[in-house]
Amino acid sequence: MLSERRIDLSPVVHDEVKYTTCYMCACRCGIRVHLKDGLVRYIEGNRNHPTNKGVLCGKGSSGIMQHYSPARLRKPLRRVGERGEAKFEEIEWEEALALATDWLGGIRATDPKKLAFFTGRDQSQSLTGWWANQFGTPNFAAHGGFCSVNMAAGGLYTIGGSFWEFGEPDWDRAKYFLLFGVAEDHDSNPIKTGLGKLKARGAKVVSVNPIRTGYSAVADEWVGIRPGTDGLFVMALIHELLHADRIDDAYLVRYTNAPWLVIRAPGDPDHGLFARGADGAPLCYDHATGTLVDAREANIMPALVGTHTLPDGRKAVTSFQLLAERYMAPEYSPDAVAERCGVAAADIRRIAMELAHVAFEEAIELDIPWTDWAGRRHETTIGRPVAMHAMRGISAHTNGFHTCRAIHLLQVLLGAVECPGGFRFKPPFPKPIPPGPKPAGKTVTPGKPLGGMPLGFTTGPEDLLVEADGTPIRIDKAYSWEAPLSSHGLMHMVITNAWKGDPYPIDTLFMYMANMSWNSTMNTKGVMEMLTDRDPATGEYRIPRIIYSDAYFSEMVAYADLILPDTTYLERWDCISLLDRPICEADGPADAIRQPVVEPDRDVRAFQTVLLDLGARLGLPGMTNEDGSPKFPGGYPDYIVNHERTPGIGPLAGWRGAAGETFGRGAVNPDQLRRYVENECFWAHHLEPGQKFYKFANRDYLEFAVHMGFIASSDPIVLQLYSEPMQKFRLAAEGHGSVQPPDHLRARVKEAFDPLPVWYVPFEEAKVDTDAFPLHALTQRPMIMYHSWGSQNAWLRQILGSNKLYVAAVTGRRMGIADGDWVRVTSHNGTIKVQVKLMEGLNPDTVWTWNAIGKRAGAWNLAPDAGEARKGFLLNHLISELLPPESCGRRLSNSDPVTGQAAWFDLRVRIEKCEPGEEAVSEPQFPVIERPVGLEPAPEVNRYGSAFRRPR
Amino acid sequence: MHPAYSVIVFTTASGAGYGLLALLGLFAAAGALPADTGLGIVALGLALGLIAGGLLSSLGHLGRPERAWRAMSQWRSSWLAREGVLALLTFAPAGLFAIGWVFLNDTGGVFAGLGVASAVLAGITVWCTSMIYASLKPIRQWHNVFVTPAYLVLGLMTGALLLVLLSRLFGVWQPAFGWLAVASVLAGWAVKAAYWHHIDTARPRSDLGTATGLGRLGPVSLLEMPHTEENFLMKEMGYRVARTHAAKLRRIAHLALFALPLLLSLLALITPPLLSGIAALLAVASAGAGVLTERWLFFAEARHTCMLYYGRAA
Amino acid sequence: MTSLPAERGAKRLGLVIDLDTCVGCHACATNCKEWNTGGHSAPLTDVNAYQAEQRGVWFNRVHTFEAGQGADGRTVHFPKNCLHCEFPDCVTVCPTGASYKRAEDGIVLVDHDKCIGCKLCSWACAYGAREFDEDEGVMKKCTLCIDKIYNTRLPEADRVPACVATCPSRARHFGDLGDPHSAVSKLVAERGGFDLLPELGYQPTTKYLPPRPAARPLDNVGQRPRPANEDPAPAGFLRWMDRMLSR
Ligand SMILES: Nc1nc2c(c(=O)[nH]1)N[C@H]1C(S)=C(S)[C@@H](COP(=O)(O)OP(=O)(O)OC[C@H]3O[C@@H](n4cnc5c(=O)[nH]c(N)nc54)[C@H](O)[C@@H]3O)O[C@H]1N2
Ligand SMILES: Nc1nc2c(c(=O)[nH]1)N[C@H]1C(S)=C(S)[C@@H](COP(=O)(O)OP(=O)(O)OC[C@H]3O[C@@H](n4cnc5c(=O)[nH]c(N)nc54)[C@H](O)[C@@H]3O)O[C@H]1N2
Ligand code: SF4
Ligand code: SF4
Ligand code: SF4
Ligand code: SF4
Ligand code: SF4
Ligand SMILES: [Mo]
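Residues numbered from 1 in each chain as written. Chains lettered and ligands numbered in written order. Predicted model: local features only at pLDDT ≥ 70, side-chain atom pairs only at ≥ 80, totals over all residues. Heavy atoms only, no water.

## Topic: the pattern of salt bridges
Okay, so step 1: Tallied over the full model, the rule gives 102 salt bridges over all chains.
Okay, so step 2: Note that A:Asp754 and A:Arg730 form a salt bridge whose closest N and O atoms lie 3.4 Å from each other. Residue A:Asp754 is found in the loop between α22 (743-752) and α23 (763-767), and its partner A:Arg730 is found in helix α21 (residues 724-733); the two are separated by 24 residues along the sequence. Each member of the pair, A:Asp754 together with A:Arg730, is buried.
Okay, so step 3: Here B:Arg250 ties to B:Glu301 by a salt bridge, and the two come within 3.0 Å at their closest N and O atoms. Taken together, the residues B:Arg250 in helix α9 (residues 243-270) and B:Glu301 in the segment after α10 (273-300) connect sequence positions 51 residues apart.
Okay, so step 4: Residue classification places B:Glu301 among the buried positions, given a relative accessible area of 11%.
Okay, so step 5: Salt bridges sharing partners connect three or more residues here, namely A:Lys199, A:Asp220, C:Asp20, C:Arg74 and C:Arg212. (Salt bridge = Lys/Arg side-chain N within 4 Å of Asp/Glu carboxyl O. Helix = DSSP H or I, 4+ residues; strand = E, 2+ residues; numbered from the N terminus. Buried < 20%, exposed > 50% of the residue type's maximum accessible area, 1.4 Å probe, protein only.)

As C-alpha cells, then:
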C-alpha cells in the first residue's frame, strides 16, 4: 500500500528562522524568515503576530524576489548628466553625507523653509517629522495627504479616531458589514481575514463600490454606486432611519453632542457655535430639572430636540435637531438621490431597514461588566452588530471629508461605534475631539528647531499657517485657506508650488521613498518637466537641489542630484511605533520592530541611520550631545532604544524601565531590542475585558490611556456629530474674526465648512463639461502590487505585468468598443492611449484601471520593451494637480477644500476608439532611462531556489 | 494545440514508413514483389528510414531527449510507451525481413512470416500512435472514433502511394498496387471528411460552466487571466488557428492529400510506365504536402479543455 | 509505476476551495511558489524574469471569472492547482513512470529525475494543472506540499500546504477527503462542494465550494412604516421631544 518510491518527506528547511516585520506593504505583518546557507529560503506569516496571525498576502509571500531584486541601488550616486537622464557617478558615503550636510547646513543657517522634506510610504514619520522639527522647517509631510487625510480628519474631528489604521470593524461579532470604496487598504491582511470570518459566520457583507472586484466580489450584495455620490447615498440611509425612528437615541444622549445646544443667532460672530456656560462648558436642556446644564454631566436627562432660550436671550437648538431637520428633508429621500447615485431607491430603503434590523433586533449583549466615566457599573456590554469600513473611494474626492463624516454619523446614529459587533477603535485611539496638537511653523527661525511638530490639527482660523495677508507659510499651502484642516500636508502640491515659486521658491527638495516623478504624482508628464525646468535668467534648475533616498531604481532616481541608497526591509532595523502608525488592535495596543535578518551585500545604509547621521553633522539639537558628538552613534537602533519623546515615552512601548519591567511609560531599557527580538519582534498588551469597549467613555480604559500617554486626561470623549471647528472657519468666511479667507476663497470656505455633513458635486465634475467628459475614471490597488514596487519582482510582475482600461460591457457595446481595442482617453489635462477590457460588474458611467502598473521604459531594471512600459499606463497623466481655472483665471489645487486631500478619483474622461492599424503601444511614451552606473543587467532566467535542491 | 513540427514530422513520416513497411511485408510474403536487392535496399530503406527519422524527430519534442529510453517502461498503461515498445519491436522482424530480402534475396518461408509480422506490428504501432491522441479526453478533436481509422488509413495510403512509385521505379508494378492506392485514398478521404464533419458538429461536452461549476449562476466569462503574459499552457494548448485560415488549409488538404493523389493514382493506373511513374511521383509529393497539412490541422484545430479556464472555447 | 496503484489506502488528501470567500489576492499562488521553488521541485524557474513575455512555473494560478448577469451577477476568483484526481489521466499516459499517484494518500507527483519532458501528461490533464519547466526540460506540478505536510522537522501546526497556511481569507482548507468524517468532507457536504469537469470522469479529490447567491436580502426585515403623508421636518422629529433619556 505504500508507494515504492522513496522521497525525502522531511528535508531540512532552514538553518535558522528569524522573526521580523514584513514590508512588502504598509500593513506590517509579522513574518518568520527561514534562512538556509545564508539565503532566504522561505518567508511565512507569524502565527502569534497580532496583525496577520500567521497568514501572508500575495505580496508578502514574494518578499524573496523583492529582496534579491536586480533593481536594488548599490552605492551613493551623484548626478553627472542632466536631470532625468540617470547619468550618475558612484561616490562614497562620506562624500555623499558631506555634500548633503553642506547643502542643508547653508539652508538651515539662513532660511530653513527652503528645505522641503517630504516622505512617502515609509513607517518612520515620528522620526522624520521630528527631524524636520529639529531642522526648523515647517515644510514636512508624508504621504497622508495623498492617501486618506479625508478619512483621518473626517474621523478624528467626528469620533476621535477613524477607519484607516485607527480602528477596525469587530470582525468576530459583526452580523452586517457595510464597506465603502475599499480595494486593499493598509489593513490588507486584517481585512481579508476579517471578511473570511464574516463569511464563515454567514454575516451579510455589502460593498458599495463602482467596481465589482476583490472584496466587492465576495460581498453578498454589491452596490455599484456612481463615483462621488456616496454622501448622498449615506444621507438617504440616514433619512430613512430618522423617519422610521430607528436610531439609538440612548447612545446619542450618552456619548455624543447630539443634545448640545447650538446658538441660533444669524449674523452674530458665535452663531452656530455651542452655547456654553460661564466655565466654557457646552450646555444642554435637562428634562429632569428643566434647566440648561453642563451637557457633559452624568445623570442628567438631556433633551434630544427642542429650542431653548439662553440666559442672554438668544435662541439655541440642539444639534440633533439641526441634524434631523437637515436629513429628514425630502431632498435626502432615497427617491431624490437614487438617480444621481445610480442605486435604486428601493435598495436604499431596504439597506436602511436591514441596518436597523441588525442593529436593534439582533443586538448582542456580552457578559462583560464595565464602568463608565462617571463610575457607573454596567453589568453587560451591549452591541449593535453593524460594522462599517471605508477608505479612499470615499476620501479621494473633493467632497470626501463630508462623506466620511456622513458615514460616521450613520454609524453613530445606530449606536455602532466602539461596541461589540460595531466599529472599534484601536488604541491609542480614540483621541479628544478636536484632536491636537496644533501645527507648528508660524514662526521659523534660522538655526533653531520649530516650535512644535510640523503636522497637527487646526481648530479654528487662528491656527492656520498663513501670513497676515493670507499667504500660505508652507510650500504645500497646508493649513492655509485652501486646505484649513490639512493635517497630513499636501504632498501632491510640493513640486508644482516649488517650481512656480508660489508661495516662494525653495532650495532643496529632500525626499524619501516617494516615486514623485511617476505614480505618486498628479500630472506626471508636467511634473517631469517641472523637475527638469531651468530658470532662463540663471540657468539653474527651478528646484535647484534634489536629494532622494530610494532602495531601488525607480523613476524618481533619475531626477535626483544625490541618491542615498537604502537597505531592503530584510536588512535593517525599523520601528513600528505607537508614536506613528502602530500595529494595535481594538483589544490592545501593540508595536513592533524590524530586525536585520540578512546583511546587505551592497554599499547601502538604512535611511533612518543616515538621517540621524546627517542630523548630527548638521548639529541638530536632538541629535547632538553638548560636546557636538552624535547623540545616536549606533544609528537608528540606538535611537529606537534611547530616544525619549517625552520623559518615559519613546519609540517603543514594550519592555520599558531599566530592566524591562514595565511598558508604555518607563525609563530607557538598554536591552529593549533584545526583548523584542525574543518576543518575535513585537509587543502587544491585551486590555482587560472591561476596558475593551466604549473606550471613549470607559473609565478603566481612559485611565489606562492616560498612563500610556495616549491622551492627556481621562475625561470622556464626546462624539461630535455637529462640528464646532467647522463652524468657526465658516464664521470667518462670513466675515467674522481677524483671520479671514481671501475673497476668492470666501464662498468656497463658507460652503465647505458646514458643521454637519453635506454633499456637493465633486469639483472637477462641476467645472468641466460633463458632455465632453461623460465618464468617471478610477484606479484600484491590485492586491498583488504595492504601488510601483512590485514590478521589479520576478513573481509579481508575472501576475500583473501590464494594465488595461476596464469599461462596462454595456458602455463598450454602446460605443462599439470590444475587448482588446485600443482607445484614447482624454481628460481636461491630457490624453493617453490604452487597451480596453470589458466587464459586467462595473458602474456604467465608470472606467478604471489598476494603479501604478505602467512603468517608464528602462526604470526598475526592466527591459525597455517590457509590457509594463509598452502596454502598461498611468492614469496620472490625466489627473491634474490643479482644477480647471476659476473665472478669474486662478487655478486651485485639485483637493478637498477642507483637508487638502488629493482628489484622485474626481477624474472625468471621454474615450474614443483608435484608428485601426495604430501601433499597439500605450501612450505617452518617454525616452528610455538608461540603467545607472553600478547596476548589472537583469538576468533572463530566474532559477532562485535551485541552490536548495537536494537529491530527491 | 500547438502544432509542433517535430511531432508532425514524426507522425507523418512514421505513418508512411509503417504503411510502406506493412505493404512490402505483405506483398513480398504473397510473392507479389521480387526479392530483388536493389528494390529491397531502396524500399525497405525508405520505409525504415521514414520510421527511424520520424522517431528521431519525435525526440525533438522532448525536454530531456537523453532520457528517451525511459519512455518504454510504462507499456502497461501508456500508449506512448506502447508505441515506443512496438516501434522498437517492429524493428526486429522488419530487420530480419530486410536481411532476408536484401542479403539472402529470400522473402519466402520464414521471411514471409517475418514480413507478415512486420506488417502486423507496423499496424499496431500506428494504432498505438493514434491512441496517444484518441485517448486524451480533454481534447475532443482527438478523443473520437475517427482518429484511429484516420491514422491507420493515412499510413496505409501514404505507404501505398510510395509503393506505386517504387514499383514503377523498379518496374515491378502491379495493378493491385494501383488499385490499392486508389482505394486507400478514397478510404482516407471518407474518414477525414467524416472526422471534420464530426469535429465541426459535435457539441463539446465541457464548457466554462462545467469547468468552473459556475454555470448554475448564468453565463460565465473570463475577467482576469492568472498571469498577464502567455504561460506554458497557453503556448502549448492555446494555439488558435483562424477559422478562415483553417478552412483554407482544409481545402488544401482535400486537394493535395486526396483529390490530386486520387486523380494521379488513376492516371498512373492507365498510363504507360514512364508517365505512370511521373504521376506516382506527383501523387507522393502531393500527398506528402497534404498529409503534413492535415497533421498540422490535426493539432491546430484541436482545442484543449483546460483553455476554457483562459476564456477560450473548447 | 504509471499504472494507478492497484491497492490503495482510504486516505485521500486534497483541498477544499471556497469560491464564496476567495478575494483573489494570489497569496496562495505566490506562497506556493516561494515554498516550492526551494522544495521538492526546486526551482520553479522563471523565463524572461525581467523582460517582455515573462512567464514561469507556478503550481497554483488564480483566475477571475464573471458569472451571471445583472443583480445576480458575481465576480468569482478562482484559484486552481492540481486536484489530485482519483483517475488521473496525467499519470496513466506517462510513458516513463515519472508521474505517479501515491497509494497511501492519493497525491500525484512527478519524479523529475525520470521525466523526459514529453509533455503528454500536460495534454492529458483537463485542468491545466501541469507545469513544464522550459529551462530544465521536465514537468513539474503541485506536490500538495509533500515536503511540508509530512515534514517532521516542522512543528505540527505548520504541516499544511503553503497555500492553505497563508490564505488570508481562509478560503482554502486541507484535509482527508477520503474520510467522510473529516472537517473538509463535512464542509463539502454542508456547502454543496462540487467537482470541476465532472463529465470527464477524473474524479478530482479537491472540491470547490460554490459562491452563495448574490444580493441576499435579510430575512424578517420589516419595511419602514410609510405614513401616507410623510412628516416633513420639523414635525417629524417631534417624536423625540419627550424622550426621557438619561446620560
Ligand atoms: N492614479 C493614482 N495615483 C495614485 C494613487 C491612486 O489611487 N491613483 N494613490 C496615491 C497614494 S494614496 C499614494 S500613498 C501614492 C504612493 O506612491 P509612492 O509614495 O510613490 O509609492 P511607491 O510607488 O510605493 O514607492 C515610492 C518609492 O519607494 C521606494 N522604496 C521601496 N522600498 C523602499 C525602502 O525600503 N527604502 C527606500 N528608501 N525606498 C523604498 C520605491 O522604490 C519607490 O520608488 O500614490 C498616489 N498615486
Ligand atoms: N496591495 C496594495 N495594498 C495597498 C497599497 C497598494 O499599492 N497595494 N497601497 C496602500 C496605500 S498607500 C493606500 S492609501 C491604501 C488605499 O487603499 P484603498 O482605499 O483600498 O485604495 P484604492 O485601491 O485606491 O481603492 C479605492 C476603492 O474605492 C473605489 N471607489 C472609487 N471612487 C469611489 C466612490 O466614489 N465611491 C465608492 N463607494 N467607491 C469608490 C474604487 O473602486 C476602489 O475599489 O492601500 C494601501 N494598501
Ligand atoms: S499585507 Fe502582505 S505585504 Fe503587507 S505587510 Fe502583510 S504580508 Fe506584507
Ligand atoms: S488535476 Fe491534472 S495533473 Fe492533477 S491529478 Fe488531475 S489530471 Fe493529474
Ligand atoms: S512529461 Fe514527464 S511526467 Fe509528463 S508524461 Fe512525459 S515523462 Fe511523464
Ligand atoms: S498544495 Fe502546495 S504545491 Fe500545491 S498549490 Fe498548494 S502550496 Fe502549491
Ligand atoms: S490566498 Fe485565499 S483568498 Fe487569496 S487568492 Fe488564494 S484562495 Fe483566494
Ligand atoms: Mo496611500
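## Observations concerning the site of ligand 2
All names here are of chain A.
Okay, so step 1: Lining the immediate environment of ligand 2, one finds 30 residues, of which Asn-209, Asp-230, Arg-392, Gln-780 and Met-785 sit closest.
Okay, so step 2: Backbone polar atom of Glu-184 to an oxygen atom of ligand 2: 2.7 Å apart, as the coordinates give it.
Okay, so step 3: For ligand 2, whose unbound accessible area comes to 920 Å², protein coverage reaches 100%.
Okay, so step 4: Of all elements in the fold, only α13 (392-395) and β29 (775-780) reach the threshold of two or more residues within the shell around ligand 2.
Okay, so step 5: Of the residues belonging to the shell around ligand 2, the class tally is 15 nonpolar, eight polar and seven charged. (Near = heavy atom within 4 Å. Polar contact = N/O pair within 3.5 Å; in protein donor to acceptor, adjacent residues only side chain to side chain. Areas by Shrake-Rupley, 256 points an atom, 1.4 Å probe, with all protein chains shown as cover. Nonpolar A, V, L, I, M, F, W, Y, C, P; charged D, E, K, R; others polar.)

## Examining the nonpolar core
Okay, so step 1: The biggest cluster of nonpolar side chains holds 475 residues, and the ones touching the most others in it are A:Trp131, A:Phe233, A:Phe320, A:Phe510 and B:Trp142.
Okay, so step 2: Per-element accounting of this core gives the leading share, twelve residues, to helix α1 (residues 5-29) of chain B.
Okay, so step 3: Composition of this core by domain shows at least three residues from each of domain 1 (13-209) and domain 2 (219-247) of chain C.
Okay, so step 4: Look past the residues within four positions of A:Phe320 in its chain and what remains in contact with it is A:Leu242, A:Ile247, A:Leu252, A:Ala258, A:Leu304, A:Val305, A:Leu413 and C:Trp240.
Okay, so step 5: Among the nonpolar cores identified, the runner-up in size contains eight residues, and A:Ala478, A:Tyr479, A:Ala483 and A:Met493 belong to it. (Core = buried A, V, L, I, M, F, W, Y, C linked by side-chain atoms within 4.5 Å. Domains from an automatic or database assignment. Contact = heavy atoms within 4.5 Å.)

## Here we look at the domain arrangement of chain C
Okay, so step 1: Domains assigned within chain C are domain 1 (13-209) and domain 2 (219-247).
Okay, so step 2: Domain 1 of chain C and domain 2 of chain C are separated by 56 Å when their C-alpha centres are compared.

## Some remarks on the sheet that holds strand β11 (residues 207-209) of chain C
Residues and elements named next belong to chain C.
Okay, so step 1: Taken in spatial order, the three strands line up as β10-β1-β11 in an open sheet, and their pairing is mixed. The outermost strands of the open sheet, each flanked by one partner alone, are β10 (172-176) and β11. In this sheet, neighbouring strand axes are inclined to one another by 25° on average, regardless of whether the strands run parallel or antiparallel.
Okay, so step 2: Where strand β1 (residues 13-18) lies against β10, five bridges are found, and the strand directions are antiparallel. (Pairing = 2+ DSSP bridges. Axes fitted to C-alpha atoms, helices over the stretch in contact; angles between N-to-C directions.)

## Some points on the interface of chain C and chain A
Okay, so step 1: On the chain A side, the residues contacting the 102 residues of chain C number 119 residues.
Okay, so step 2: Interface area, chain C with chain A, both sides summed: about 9,100 Å², of which 53% is carbon and sulfur.
Okay, so step 3: Looking at the side of chain C facing chain A, the largest losses of area belong to C:Tyr50, C:Trp240 and C:Arg247, adding up to 13% of the total buried there.
Okay, so step 4: In this structure, the connection of chain C to chain A is made through eight salt bridges.
Okay, so step 5: One salt bridge in this structure joins C:Arg243 and A:Asp249, with 2.4 Å as the shortest N-O distance.
Okay, so step 6: When contributions to the side of chain C that touches chain A are tallied by element, the ones reaching two or more residues are α1 (27-36), β2 (46-47), β3 (55-56), β5 (74-81), β6 (99-101), α4 (146-149) and α5 (162-166) of chain C.
Okay, so step 7: The element contributing the most residues to the side of chain C that touches chain A is α1(C), with six residues. (Buried area = accessible area lost by both parts, 1.4 Å probe.)

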